[in-house]
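Per-entry structural report
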Amino acid sequence: MANVATNGKRIVISPVTRVEGHGKVTILLDDDNKVTQARLHIVEFRGFERFVQGRPFWEIPVLVQRLCGICPVSHHLAAAKAMDRIVGGEKLTPTAEKIRRLMHYGQTLQSHALHFFHLVSPDLLFGFDADPEIRNVIGVARKFPELAVQGVMMRKYGQELIKATAGKKIHGTGAIPGGVNKNLSIEERDGFLKDLPQIVQWARSALKLAKEYTSEHLKELADFGTFESNHLCLVGPSGELDLYHGNLRAIDAGGKTIFDQVDYQNYIDYIAEEVKSWSYMKFPFIKSLGPENGWYRVGPLARINACTFIDTPEAEAARQEFKALTGGKPNAMTMAYHWARMIELLHAAEKIQTLLHDPDLQGTDLVVKGERRYETVGLVEAPRGTLFHHYEVNEHDQVTRCNLIVSTTNNNTPMNRAVEKVARDYLSGTTITEGLLNRVEVAIRAYDPCLSCATHAMGQMPLAVELRDRRGELLDRRAKGVDAR
Amino acid sequence: MTDSITISIDGVEIPAETHHTILEAADKAGIYIPRLCAYPGLKPNGSCRVCTVLVNGRPQTACTTPVMKGMVIQNETPELKRLRSNLIEMLFVEGNHYCMFCEKSGNCELQGMAYRLGIKTPHFPYLEPKREIDATHPDVLIDHNRCIFCGRCIQASKTFDGKNVFQYIGRTRNKKVGVNADDGLGETDFAATDRAAQVCPVGAILKKRVGFKIPIGKRIYDRSPIGSEIEVQPKDAGSAQ
Ligand code: FES
Ligand code: NI
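My aim in this report is to walk through the structure given alongside it, one point at a time. (Residues numbered from 1 in each chain as written. Chains lettered and ligands numbered in written order. Predicted model: local features only at pLDDT ≥ 70, side-chain atom pairs only at ≥ 80, totals over all residues. Heavy atoms only, no water.)

Comments concerning the overall build of chain B
Quick note on the threshold: Secondary structure is summarised from DSSP: a helix means a run of H or I of at least four residues, a strand means a run of E of at least two, and numbering begins at the N terminus for each. What makes two residues a contact is simply this: any of their non-hydrogen atoms within 4.5 Å. Exposure was quantified through the Shrake-Rupley algorithm and a 1.4 Å probe, taking into account, for residues, occlusion by the shown protein chains and nothing else. We count Lys and Arg on the positive side and Asp and Glu on the negative side, and we leave His and both chain ends out. Each charge is placed at NZ for Lys, CZ for Arg, CG for Asp and CD for Glu.
In terms of regular secondary structure, chain B is built from 5 helices and 10 strands. For chain B, the spread of C-alpha atoms along the three principal axes comes to 50 × 40 × 35 Å. Taking contacts inside chain B between residues at least 6 apart in sequence as the whole, the part at least 24 apart equals 62%. Surface exposure of chain B reaches about 12,200 Å², of which carbon and sulfur atoms provide 51%. If the 31 positive side-chain charges of chain B are averaged to one point and the 27 negative ones to another, these points end up 2 Å apart.

Here it is, written out as structure tokens:
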């Protein structure tokens, strides 16, 4: 429900719907009513870092899932990878690593499918300016029922994979320090194999939809919320896309390497976090470039831009098409996230296929351990981007310190830039129009932010957009979603 | 000297021997009376009161009451179920029990009892007491957040292990299971192989570094509800999560 309050010179925008979580945007104007900056405010809840203090380390991969009801598996795996090192078990057995990968690709599949089909497809199918009454998942279900069903079924398939590997769809226990607590039975495997061809087929058509949408609307999208940035992600030893494990790579807007094959145990030498007075969420940046120039994107766009290749054939072919659009250079379009995300969706489906045919999944050698350690970092490429977990554990096995940089925090500056760009291009005068509001929403959504996770809080959160002049005077405010306040 | 007698539980006549408690006689006959503190081989202390039954119409704890000839006992009545549910709910709110990330989940008697009694969320306000973790022992951890003061560990250390590691200290809200050392369990002669390390019904005394090794689905109460190991005709399992 949009709500416009025009009390003299005040304008406001509230809840951004279809973003997982909630936030508020302020757009700052100069004396000529030109946009100077956009700020996405998120109320950060730092309770979690305190909450884990004193807890035994083997509990953390399960406990940490309380952080976010939307992406618990990413936290489960990042924490488990960190705790692998505490027990000296980071060289997992083949069965353990493959079970964890299956869990991870399962969640990537379900997360990307949910985002694309439920949250994004209404924008693409009906246009940014369509009536919000139609531009939603119910509208999609009515007009394109087969598409809505595909979204639901792919999501369900991913969730079943999570359940089979973690024990439950949320708050599972599958990954434990040094390994996993179960393998995949032949019966479970056969169940997944039966439905897999359909899943791969749907992933192909979702990718096709995203790609064709982007090429058909290129004129409109090329500049929509677009800006140049650095890109950061994990890559495998040959530079291949690897969502579960690898070393850090960062490239600049021209595609040049900033650093490569950095062991993430040393991330602290390469990445720092800036605090700004107006935001509770931190602003990570690459140390060597400084806070002004060192910020970077993470997530599907960054990964497809930065990896050298993809080790599954169909996704690799799709990556090449993606790269061809920009002549091999990194793609700077905010809206290219959707295409990149669907390349990963297909990649996840292909990976699941390979894994399910691997007899290691039925292995019984599940846990290893070795040299005990006291400080550790665990990273994964979560669906939304690079996720950092950093812990210290004392000699009594208790966690004494914890620092997390979640995917959405890594994308903090990029989201601000995207909103800023949209505001520059679509704001006229000092009134937030419905069209501007919709476009701000669409730009933020491209990053698939998990505000629930970034703020370490659960549940739904509204988003408002405010327009303020140089003195901080509120010019306009517009809100949408559950609660227009 | 023991004599064989007959008692009745919920209208069923069962044989018993006079040195038995009601709980023991019921167990032998395959009738489950819920309990949280009683433990085979340990002297019953009647602390949890979950085993309360009606003996000739009067409430008594089954774990401490010896059988007597002709006793008429009621075990499964709506009032007793309500009483037990209230006791369990109070135990939940008096400590900090987060089943969702507790490694004892699925193997926990308190959780198992809550499922058996059909408790969803407690009706009482959570007290959220400040409690500590004692991680000083190299192989065993005490998480006081989850202690329900059943007293099993205190007795087991004495009776089974011939040691005297645990004792109650403090009163009322400050009461806790203390150890006989100034600087925690690590200073005592406690060993992970002690029987006292295995009797805890909840996740308060835990062997270190083995949590979550048993996958969901394979834990004790995932498969059948608490009490079904005693009952002749197990109740239908409501799967514990
Ligand atoms: S079992 Fe009888 S009082 Fe606890
Ligand atoms: Ni999240």
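Digging into the overall build of chain A
Selection rule: Put simply, the radius of gyration uses C-alpha atoms, and a globule should come to 2.2 Å times the residue count raised to 0.38.
Across its full length, chain A carries 16 helices and 17 strands. Here chain A has a C-alpha radius of gyration of 22 Å; the compact-globule value for 485 residues is 23 Å, and the two agree. In terms of overall dimensions, chain A has C-alpha extents of about 70 × 50 × 40 Å along its principal axes. A separation of at least 24 residues holds for 73% of the contacts in chain A among residues at least 6 apart in sequence. Only carbon and sulfur atoms are counted for the fraction: they give 51% of the accessible area of chain A, which is about 17,400 Å². One way to put it: in chain A the 60 positive side-chain charges average out to a point 3 Å from where the 59 negative ones average out.

A few points about the environment of Met154(A)
All names here are of chain A. As a reminder of what qualifies: Exposed residues in this analysis have more than 50% of their type's maximum accessible area, buried residues have under 20%, and partly exposed residues fall in between, with area computed by a 1.4 Å probe over protein chains only.
Tracing the backbone shows Met 154 in helix H6 (residues 145-166). Classification of Met 154 as buried rests on a relative accessible area of 0%. For the pair Met 154 and Ala 349, spaced 195 residues apart in sequence, the C-alpha to C-alpha distance is 9.8 Å. Once residues within four sequence positions are removed from consideration, Met 154 is found in contact with Leu 109, Gln 110, Ala 113, Phe 117, Ile 199, Trp 202, Ala 203 and Leu 345.

Quick notes on a nonpolar patch on the surface
Residue and element names in this part refer to chain A. Heads up, the condition is: Patch rule: a residue counts if its relative accessible area is over 30% and it has no salt bridge; like charges are joined within 9 Å, and nonpolar side chains (Val, Leu, Ile, Met, Phe, Trp, Tyr) within 5 Å. Any carboxyl oxygen of Asp or Glu within 4 Å of a side-chain nitrogen of Lys or Arg constitutes a salt bridge here.
A cluster of nonpolar side chains, Val 149, Val 152 and Met 153, forms an exposed patch at the surface whose accessible area comes to about 240 Å². Mapped onto the elements, Val 149 comes out in helix H6. Owing to a relative accessible area of 45%, Val 149 belongs among the partly exposed residues under this scheme.

What about helix H4 (residues 94-126) of chain A?
Residue and element names in this part refer to chain A. Put simply, the rule reads: A helix is expected to span 1.5 Å multiplied by its residue count minus one. Bend, at a single residue, is the angle you get between axes fitted to the 7 residues ending at that residue and the 7 residues starting at it.
Here H4 contains 33 residues, and its C-alpha end-to-end distance of 46 Å stays within 8% of the 48 Å for a straight helix at 1.5 Å per residue. Of all the bends in H4, the greatest, near 60°, is centred on Val 120, and the proline Pro 122 appears no more than four residues after it. Burial analysis of H4 places 28 of its 33 residues in the buried class, the great majority of the element. Downstream of H4 by one or two residues, Gly 127 has phi in the positive range, about 90°.

Some details on the environment of Gln167(B)
Residue and element names in this part refer to chain B. What counts, and what does not: Any pair of nitrogen or oxygen atoms within 3.5 Å is treated as a polar contact; in protein, a donor-acceptor pairing is required on top of that, and neighbouring residues in sequence qualify only through side-chain atoms on both sides.
Mapped onto the elements of the fold, Gln 167 is located in strand E8 (residues 166-169). A C-alpha to C-alpha distance of 5.8 Å links Gln 167 and Ile 154, two positions 13 residues apart in sequence. Discounting chain neighbours no more than four positions away, the residues touching Gln 167 are Ile 154, Lys 176, Val 177, Gly 178 and Asn 180. In terms of polar contacts, Gln 167 uses its side chain to reach the side chain of Asn 180, at 3.3 Å.

Concerning the sheet that holds strand E8 (residues 247-251) of chain A
Residue and element names in this part refer to chain A. Here is the rule we go by: Paired strands, in this sense, are two strands between which DSSP finds at least two bridges.
Taken in spatial order, the 4 strands line up as E9-E8-E7-E12 in an open sheet, and their pairing is mixed. Both edges of this open sheet fall to strand E9 (257-262) and strand E12 (296-297), since each of them pairs with a single strand only. Inspection of the sheet shows strand E7 (residues 230-235) paired to E12 by 2 bridges, in the parallel sense. Within E12, the residue paired with Asn 230 across the bridge is Tyr 296.

Section: the nonpolar core
Note the threshold: The definition of a nonpolar core used throughout is a set of buried Ala, Val, Leu, Ile, Met, Phe, Trp, Tyr and Cys residues joined through side-chain atoms within 4.5 Å.
Counting residues in hydrophobic clusters, the biggest one holds 101 residues, and the most contacted among them are Met154(A), Tyr157(A), Ile343(A), Ile352(A) and Leu356(A). With 13 residues, helix H12 (residues 336-356) of chain A is the single largest residue contributor to this core. Within the second largest apolar cluster, 42 residues are counted, among which are Tyr32(B), Cys37(B), Cys150(B) and Ile230(B).

Description of helix H4 (residues 152-159) of chain B
All names here are of chain B. In terms of residue burial, H4 counts as a mostly covered element, since 6 of its 8 residues are buried. For H4, the complete set of buried residues consists of Arg 152, Cys 153, Ile 154, Gln 155, Ala 156 and Ser 157. Close packing links the buried residues of H4 with helix H3 (109-116), E8, strand E9 (176-179) and strand E10 (205-207).

Topic: the pairing of strand E14 (residues 385-393) of chain A
Two faces make up the sheet, and in a regular strand the side chains alternate between them. Residues and elements named next belong to chain A. In terms of burial, E14 is largely enclosed, as 8 of its 9 residues are buried. As judged from the 8 bridges shared by strand E13 (residues 375-382) and E14, these two strands associate in the antiparallel manner. In the strand pairing of E14, Leu 379 is matched with Phe 388. Connecting the antiparallel pair E13 and E14 is a turn made up of 2 residues.

Focus on the packing of aromatic side chains
This is how it is decided: For this analysis, a ring pair means two rings from Phe, Tyr or Trp (six-membered ring only for Trp) whose centres lie within 6.5 Å, classed as stacked if their planes differ by under 30 degrees, edge-to-face if by over 60, and tilted for the remaining angles. Geometrically, a charge over a ring is one whose NZ (Lys) or CZ (Arg) sits within 6 Å of the ring centre while staying within 35 degrees of the ring normal.
Taken as a whole, this structure holds 17 aromatic pairs over all chains when the rule is applied. Arranged with centres 6.2 Å apart and planes meeting at 85°, the rings of Phe51(A) and Tyr98(B) form a pair that is edge-to-face. Of this pair, Phe51(A) sits in helix H1 (residues 47-51) while Tyr98(B) is found in the loop between helix H2 (78-94) and H3, placing the two residues in two different chains. Judged by centre distance (5.5 Å) and plane angle (85°), the rings of Phe116(A) and Phe117(A) are edge-to-face. Its relative accessible area of 1% is what places Phe116(A) among the buried residues. Across the ring face of Phe283(A), the terminal group of Lys276(A) is positioned such that the distance to the ring centre comes to 4.4 Å.

Here we look at the interface of chain A and chain B
For clarity, the threshold we go by: A 1.4 Å probe defines the accessible area here, and the buried area is the portion of it lost by two parts on being joined, summed over both.
With 23 residues of chain A at the interface, the matching set in chain B holds 21 residues. Both faces combined, the contact of chain A with chain B buries some 2,000 Å², and carbon together with sulfur accounts for 66% of it. It is Arg55(A), Trp58(A) and His396(A) that lose the most area in chain A upon contact with chain B, and together they represent 28% of the buried surface on that side. The interface formed by chain A and chain B includes 4 salt bridges. Here Arg55(A) and Asp143(B) are joined by a salt bridge, their closest N and O atoms 2.6 Å apart. For the pair chain A and chain B, the interface holds 8 residue pairs in polar contact (both at pLDDT 80 or more).

Describing the packing of H2(B) against H3(B)
How two helices pack is summed up by the angle between their axes together with the distance between the axes. Residue and element names in this part refer to chain B. Note the cut-off: Between the N-to-C directions of two axes lies an angle of 0 to 180 degrees, each axis being a line fitted to C-alpha atoms and, for a helix, fitted only over the stretch in contact. Any angle from 65 to 115 degrees is called roughly perpendicular, while one under 35 is roughly parallel, one over 145 is roughly antiparallel, and all others are oblique. Crossing handedness is defined as follows: a turn of the near helix away from the far one that is anticlockwise and smaller than a right angle gives a left-handed crossing, while the clockwise case is right-handed. Classes in brief: Ala, Val, Leu, Ile, Met, Phe, Trp, Tyr, Cys and Pro nonpolar; Asp, Glu, Lys and Arg charged; the others, Gly included, polar.
Between H2 and H3, whose axes approach to 10 Å, the crossing angle comes to 135°. As judged from the angle between their axes, H2 and H3 are oblique. Handedness of the crossing formed by H2 with H3: left-handed. Contacts between H2 and H3 involve Ile 88, Leu 91 and Phe 92 from the former and Leu 110, Gln 111, Met 113 and Ala 114 from the latter. Residue classes in the contact of H2 with H3 are distributed as 6 nonpolar, 1 polar and no charged.

Concerning the packing of helix H14 (residues 412-426) of chain A against helix H15 (residues 434-446) of chain A
Residue and element names in this part refer to chain A. At a closest axis distance of 9 Å, the pairing of H14 and H15 adopts a crossing angle of 155°. On the basis of the axis angle, H14 is roughly antiparallel to H15. Seen along the crossing, H14 lies across H15 with a hand that is right-handed. In this structure, H14 uses Met 415, Ala 418, Val 419, Val 422, Ala 423 and Tyr 426 to contact H15, whose residues at the interface are Leu 436, Arg 439, Val 440, Ala 443 and Ile 444. Residue composition of the contact of H14 with H15, by class: 10 nonpolar, no polar and 1 charged.

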